[in-house]
Amino acid sequence: MASHLAGGKVNVGQVQELARKELLQLLGKCDGSKAIVWDESLAGPVGLVAKYSLLRENEVLKMFPLRAGHLPAANVRNIIFITRPQLYLMDLVADNIYGEERASGYRKEFHLFFVPRKSLLCEKWLKNRGVFGNFTLIEEFGCDLFPFDSDLMSMELESAFKEYYLENDPTCLYQVAQAIMTLQSLFGVIPRVSGKGPAAKQVWDLMCRMARERQSTEAPGHIPQSQIDHLLLLDRGVDLLTPLATQLTYEGLIDEIFGINNTTAQFPPERFTKSDDGATDLSAERKQIILNSGEELFAEIRDKNFNAVGPALSRKAKLISSQFEERHGEKTVQEIKQFVARLPHMMATKASLATHTTIAELIKEVTDSNKFLESLQTEQEFMNGIDTDKVHPYIEDCIAQKEPLIKVLRLICMQSVTNSGLKLKVLEHYKREIIQTYGFQHILSLTNLENAGLIKLQQGSRQYTVLRKTLRLTVEDGSEIVPTDISYVHSVYAPVSVRLAQYLVRPNGWRGLQDVLGLLPGPTIEESQSLPVGRGPRRGSIGSQSSQNDMPRVVLVFFLGGCTFAEVSALRFLSQQEDSLVEFVIATTKLINGNTFLKYLMEPLGPDIPPPRQ
């Protein structure tokens, strides 16, 4: 179990351990040497559950990405396909099997593990392709949640929002309900459930149905005591503005500029070489850096506004320098021994400082540019309700200069959301300019954004204006260096999602927010689940008599449709306040930023829209 996963009141490491055991049991059913063929979207997430060294111990000799054509040569007995249940992937699996069957050589056995559930449609597709009978085993690897950190889990379902809002496919919500039931089997029944939005209501209904089915079919077994006191289900459709806004935390900016995939980010390699290594040949591969709380310095600065990162790194550099200077003083043998014992930790901290100083320099080059500052200023004007009801000159300039289409659409969507819709004349102007500049094929993407509610016609009511005032969504005088409000994650804007969580954990909960909740789309959920006898909440939890002055309660916030690193940072900020009696654990269908959020909704027909990074 990874040490950085076990730091919270809820031991997320147990989720990792459960998935690891299941994967090893499945591998154990395949006797002999093995090659795994991964659906590329799963290779990274499953790597968080089981490292390659562990797989190698279980006779996994080769690993390949699932691609069209022939598999690379592998002298193994078993070929195991691990894939999501999607039809286009079944075609790739069939191609690979045909290629292996035609190739003369060692006779192999084929196995297929679906993640997280089998699909009758996929099995029928394989039958139609004539390869279903080639499989010795077809199993389920029921890993719904992948652990990212001690307070963060993701299902890594990048298309969840698109499937639900554009394709009317609720399959992802069934998987969310399954994931929550798995968490309850590990950490006990969650006594209270709140939520907002149509997807949240559907997940709650599925949870109730699953609980009834389990009671009727399963014999009562060991049920752990409740370790999570409250579940908050947040539909991404309730807060469309937050993912569009540029994140201004350290981790958020790394994701915006370089992209973070499965806790790993890639950077230009030439910036990380030492000056005396100038003669060495630089490889074309990008520098990969793992970002999680297992690294002490990153855990300290990840949630800070970027303007506070420089001073924090400077303080750390002075501290390390003073620690190394201690060796010059007159020392007893005992003191020298203690210094030598501390040396490995000091060297690791020094290397970590050098890495994050370089990353901060790379980010600063972007954030100091006129393009970034002008775009940020436009965003902040929209958030404050300035110039939202007319064609914005900055957006026109971006289109005229043929800036990346994703940047233009992100600003138009933000203007639409903050203005509660665009006037017909404004919307038609933007559409005409985009089609003339970027190509008519993008009309499909614009239609998708309209169907998802990100771009719409103004209907008369101004919900955002009311929400901005009643929930205090914009804070002009907040400090970025020593923040007192969650708005520091976007410098002026507090995420609606996190404001709802903030109000929920106050003594009166959402009772004083009924008028505000009525402005947000979809039903509001306030429900409770009956607890097994003797398995009630811990002392200090929501249902406990001593909750006012005892240990903090735990709230699981589940984002349906994706969440940003800025939202994660804002929830951590609330947990870390001195008067806070709440610890937040965050789960999401996918960690997203504004670019990936929109790319998943768009139709990749032209060169301007590269497919989202996996």
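Residues numbered from 1 in each chain as written. Predicted model: local features only at pLDDT ≥ 70, side-chain atom pairs only at ≥ 80, totals over all residues. Heavy atoms only, no water.

Under the annotation held in an unreviewed UniProt entry, the protein carries the name Vacuolar protein sorting-associated protein 33A and is attributed to Zootermopsis nevadensis. According to UniProt, the comment filed for the protein under the heading Subcellular location (unreviewed entry) is "Endomembrane system". The record held by UniProt for the protein lists under Sequence similarities (unreviewed entry) the comment "Belongs to the STXBP/unc-18/SEC1 family." (UniProt positions renumbered as here; feature names shortened; annotations may be inferred.)

Scanning the protein from N- to C-terminus turns up 23 helices and 15 strands. Considered along the principal axes of its C-alpha atoms, the protein spans approximately 75 × 70 × 65 Å. A total of 614 residues make up the protein; the buried ones form 53% of that total. Counting only contacts in the protein whose residues sit at least 6 apart along the sequence, the fraction spanning at least 24 positions is 78%. Taken as a whole, the protein presents about 27,700 Å² of accessible surface, with 51% of it coming from carbon and sulfur. Looking at the protein, you have 67 positive and 73 negative side-chain charges, and the mean spots of the two groups are 2 Å apart. (Helix = DSSP H or I, 4+ residues; strand = E, 2+ residues; numbered from the N terminus. Buried < 20%, exposed > 50% of the residue type's maximum accessible area, 1.4 Å probe, protein only. Contact = heavy atoms within 4.5 Å. Areas by Shrake-Rupley, 256 points an atom, 1.4 Å probe, with all protein chains shown as cover. Lys, Arg positive; Asp, Glu negative; His and termini not counted. Charge placed at Lys NZ, Arg CZ, Asp CG, Glu CD.)

Note that the residue after Val115, namely Pro116, is joined by a cis bond; omega there is -5°. You will see that Glu156, though not glycine, has its phi angle at about 55°, which is positive. Looking at where Glu156 falls in the secondary structure, it is placed in the loop between β7 (152–154) and α6 (160–165). Residue Glu156 is classed as buried on the basis of its relative accessible area, which comes to 6%.

What follows covers the domain arrangement of the protein. What the domain assignment lists for the protein is domain 1 (3–143), domain 2 (148–242 + 497–540 + 550–597), domain 3 (266–367) and domain 4 (371–462). Of the residues lining the interface, five residues belong to domain 2; the matching set on domain 3 comes to four residues. When domain 2 packs against domain 3, close to 390 Å² is buried across both sides, 25% of that on carbon and sulfur atoms. Ranking the residues of domain 2 by area buried against domain 3 places Asp149, Ser569 and Arg572 at the top, with a combined share of 81%. Viewed at the interface, domain 3 and domain 2 are joined by two salt bridges. (Domains from an automatic or database assignment. Buried area = accessible area lost by both parts, 1.4 Å probe. Salt bridge = Lys/Arg side-chain N within 4 Å of Asp/Glu carboxyl O.)

Overall, the coordinates contain seven cavities of 30 Å³ or more when judged by the stated rule. Approximately 130 Å³ is the volume found for the largest cavity. What lines the largest cavity is a set of 15 residues, and nearest its centre among them are Asp255, Ile260, Asn261, Lys590 and Leu591. Partitioning the lining of the largest cavity into residue classes produces six nonpolar, five polar and four charged. (1 Å grid on protein atoms, 1.4 Å probe; cavity = no way out; pocket = protein on both sides within 12 Å on 5 of 7 lines; lining within 4 Å. Points joined across faces, edges and corners; volume = space filled by probe spheres on them. Nonpolar A, V, L, I, M, F, W, Y, C, P; charged D, E, K, R; others polar.)

Overall, antiparallel pairing links the three strands, which are arranged β10-β11-β12 in an open sheet. Each end of this open sheet is capped by a strand with a single partner; those strands are β10 (260–261) and β12 (287–290). (Pairing = 2+ DSSP bridges.)

Moving on to the packing of helix α17 (residues 424–438) against helix α18 (residues 443–451). Where α17 contacts α18, the axes come no closer than 10 Å and their chain directions differ by 150°. Of the possible angle classes, the one that applies to α17 and α18 is roughly antiparallel. Residue-level inspection shows Leu427, Lys431, Ile434 and Ile435 of α17 in contact with α18, the latter providing Ile443, Leu446 and Glu450. Each residue belonging to the contact of α17 with α18 can be placed in one class, and the counts come to five nonpolar, no polar and two charged. (Axes fitted to C-alpha atoms, helices over the stretch in contact; angles between N-to-C directions. Parallel < 35°, antiparallel > 145°, perpendicular 65-115°, else oblique.)

Before going further, it helps to spend a moment on the side chain of Ser569. As for its placement among the helices and strands, Ser569 is situated in helix α22 (residues 565–576). Judged by its relative accessible area of 0%, Ser569 falls in the buried class. A distance of 2.7 Å separates polar atoms of two side chains, one belonging to Ser569 and the other to Asp303. The contacts of Ser569, once residues within four sequence positions are left out, are Thr249, Arg302, Asp303, Tyr488 and Val489. (Polar contact = N/O pair within 3.5 Å; in protein donor to acceptor, adjacent residues only side chain to side chain.)

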